[in-house]
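A structural walkthrough
Here's the letter readout for the chains.
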Amino acid sequence: MNQATPSWRAELHALTQDWLQRIALAADLAGLRELEVASVGKKGDVTALMRRVGTLPPEERRDYGAAAGDVRTQVDQALADRKTALEQAILDAELADDTFDETVPGLLPKRGHPHPLSLVQAEIESVFSSMGFHVLDYPEVESEFDNFEALNIPSWHPARDMQDTFWLQDGHLLRTHTSSGQVRAMQTFAPPFRAVFPGKVYRYEATDASHEHTFHQVEGLLVDRHVSVAHLLDSMRTLLSAILKTDVTVRLRPGYFPFVEPGFELDIQCRVCGGKGCSVCKQSGWLELLPCGLVHPHVLRAGGLDPEEWQGWAFGLGLSRLVMMRFGVPDVRLLLSGDTRFLTQF
Ligand code: FA5
């Protein structure tokens, strides 16, 4: 057997030394990339070594293959080491550069946040929870019974015109007010009980700065014995000062709703214009915010309660308008516009 060292060994050794030296001298990442292509790239010198195996005598092929693989490993390693060293040098140079200030805060990623309606709704829920109220969620698609008839508004009643309605083909409707939950609550809870039910309501009406076709209300309902208007008004004051976080000027006037007797309108002095008059308050200085009253005996009966034994008070807060007063929003239509220029201010 021929023990002489095959000539390709010296050749591979020389080739390896040559590449290791050139790689170690690469001055920058672009130069290194060129060396990488020329050595281990598709048409590179080191890659070509493998293709020569077929030209050798069969007894040398195994050793040659192992030696050529070893060259490839050394060159790959040298390329990786040089790349790390060059990148580190760039980083060191940047840190040494006076104009790079590593104490400047990075750019914060944009984070979402609750919608102003959700913020104020959560505060209202928290105020009422602390006064022992349940927080309930009722359907937006309602029956005519719950939205109107149970509330003492039969089909012939002119009060139906007060709330223009989106009707569905099957006779259901999009609730026009959260009062649609009143009788549902009476049918669910044994008296005495107290509950608030916030939600979206819909009306088929023209929009302006204080009217949307889709807006939010919060209904409040308390059923107990010996319920009084004084208790109702005190609860309304607690609510408004907790949410608006400042003294507010309110006025109470008689208001007609078929499902309360007596009924009231609690208006708040417009905080967008300070009472001077603007498009939000229709130049009156006042904004209708909180209709309320003592639950009508017909409604208690529809809920299965005896009005001789049980009474109640209810309110239907215009949540969208309260949010406008809280943040000074000049147009209700901004709230559901989805305009991020508006929403990112909260
Ligand atoms: C009602 O919806 C009654 N269900 C309220 C009620 C509940 C009375 C319980 C008595 C007892 P009204 O239609 O006035 O009432 O609406 C209530 C509040 O919703 C208004 O005071 C106002 O703040 C708000 N609101 C009414 N219409 C709109 C609208 N188109 N856009 C924005 N807010 C509105």
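Since the structure is predicted, the reported quantities are computational estimates derived from the model, not experimental observations.

The local shell around the ligand holds 24 residues, among which His-177, Ser-179, Arg-203, Glu-212 and Glu-288 are the closest. For the ligand, a nitrogen atom lies 2.7 Å from a polar atom in the side chain of Ser-179. Interatomic distance of 2.8 Å between a side-chain N/O atom of Arg-203 and an oxygen atom of the ligand. Protein contact buries 96% of the 670 Å² of open area that the ligand shows by itself. At the level of secondary structure, the elements contributing two or more residues to the shell around the ligand comprise strand S5 (214–224), strand S8 (286–295) and strand S9 (311–318).

In this structure, Leu-287 sits in strand S8. Overall, Leu-287 belongs to the buried group, its relative accessible area being 4%. Between the C-alpha atoms of Leu-287 and Ala-302, which are 15 residues apart in sequence, the distance is 32 Å. Those residues in contact with Leu-287 that sit more than four places away from it in its chain are Leu-266, Asp-267, Ile-268, Val-280, Cys-281, Arg-321 and Met-325.

With that out of the way, let us pick up the pattern of salt bridges. In this structure the tally under the stated criterion is 16 salt bridges. The closest approach of N and O atoms between Arg-225 and Glu-309, which form a salt bridge, is 2.6 Å. Here the residue Arg-225 occupies a position in the loop between S5 and helix H8 (229–244), and Glu-309 occupies one in the loop between helix H9 (297–302) and S9, the gap between them amounting to 84 residues. Under the relative-accessibility criterion, Arg-225 is labelled partly exposed at 40%. A relative accessible area of 36% places Glu-309 in the partly exposed class. Its salt-bridge partner being Arg-341, residue Asp-339 comes within 2.7 Å of it at the nearest N-O pair.

This brings us to the packing of aromatic side chains. Aromatic ring pairs are defined here through the distance separating the ring centres and the angle between the ring planes. Going through the model one piece at a time under the given rule, you end up with 12 aromatic pairs. With a centroid separation of 6.1 Å and an interplanar angle of 35 degrees, the aromatic rings of Phe-133 and Trp-313 are classed as tilted. Note that Phe-133 is positioned in the loop between helix H5 (116–130) and strand S1 (134–135) and Trp-313 in strand S9, a separation of 180 residues in sequence. The exposure class assigned to Phe-133 is buried, which follows from its relative accessible area of 7%. For Trp-313, a relative accessible area of 0% translates into the label buried. Ring centres of Phe-148 and Trp-167 lie 6.4 Å apart, and the angle between their planes is 35 degrees; this geometry places the pair in the tilted category. Taken as a pair, Phe-148 in the loop between helix H6 (144–147) and strand S3 (173–174) and Trp-167 in the loop between H6 and S3 lie far apart in primary sequence, 19 residues in all. An aromatic cluster of at least three residues, connected via ring pairs, comprises Phe-128, Phe-133, Trp-313 and Phe-315.

Among the nonpolar cores identified, the biggest contains 42 residues, and Ile-124, Leu-290, Trp-313, Phe-315, Leu-317, Leu-322 and Met-325 are the most heavily contacted of them. Going through the elements one at a time, H5, S5, H8, strand S7 (260–269), S8, S9, helix H10 (319–327) and helix H11 (340–343) are the ones with two or more residues in this core. Sequence-distant contacts of Phe-315, that is, excluding residues within four places in its chain, are made with Phe-128, Val-196, Val-218, Glu-219, Gly-220, Met-236, Leu-290, Pro-291 and Cys-292. Grouped together as the second largest cluster of nonpolar side chains are 25 residues, Leu-136, Ile-153, Ala-159 and Val-299 included.

In this model, helix H4 (residues 58–96) (39 residues) spans 58 Å end to end at C-alpha, consistent with the 57 Å of a helix rising 1.5 Å per residue. Those residues of H4 lying buried are Tyr-64, Ala-67, Ala-68, Val-71, Val-75, Ala-78, Leu-79 and Leu-86.

Analysis parameters
Residues numbered from 1 in each chain as written. Predicted model: local features only at pLDDT ≥ 70, side-chain atom pairs only at ≥ 80, totals over all residues. Heavy atoms only, no water. Near = heavy atom within 4 Å. Polar contact = N/O pair within 3.5 Å; in protein donor to acceptor, adjacent residues only side chain to side chain. Areas by Shrake-Rupley, 256 points an atom, 1.4 Å probe, with all protein chains shown as cover. Helix = DSSP H or I, 4+ residues; strand = E, 2+ residues; numbered from the N terminus. Buried < 20%, exposed > 50% of the residue type's maximum accessible area, 1.4 Å probe, protein only. Contact = heavy atoms within 4.5 Å. Salt bridge = Lys/Arg side-chain N within 4 Å of Asp/Glu carboxyl O. Phe/Tyr/Trp six-rings, centres within 6.5 Å; stacked < 30°, edge-to-face > 60°. Core = buried A, V, L, I, M, F, W, Y, C linked by side-chain atoms within 4.5 Å. Expected span 1.5 Å × (residues − 1).

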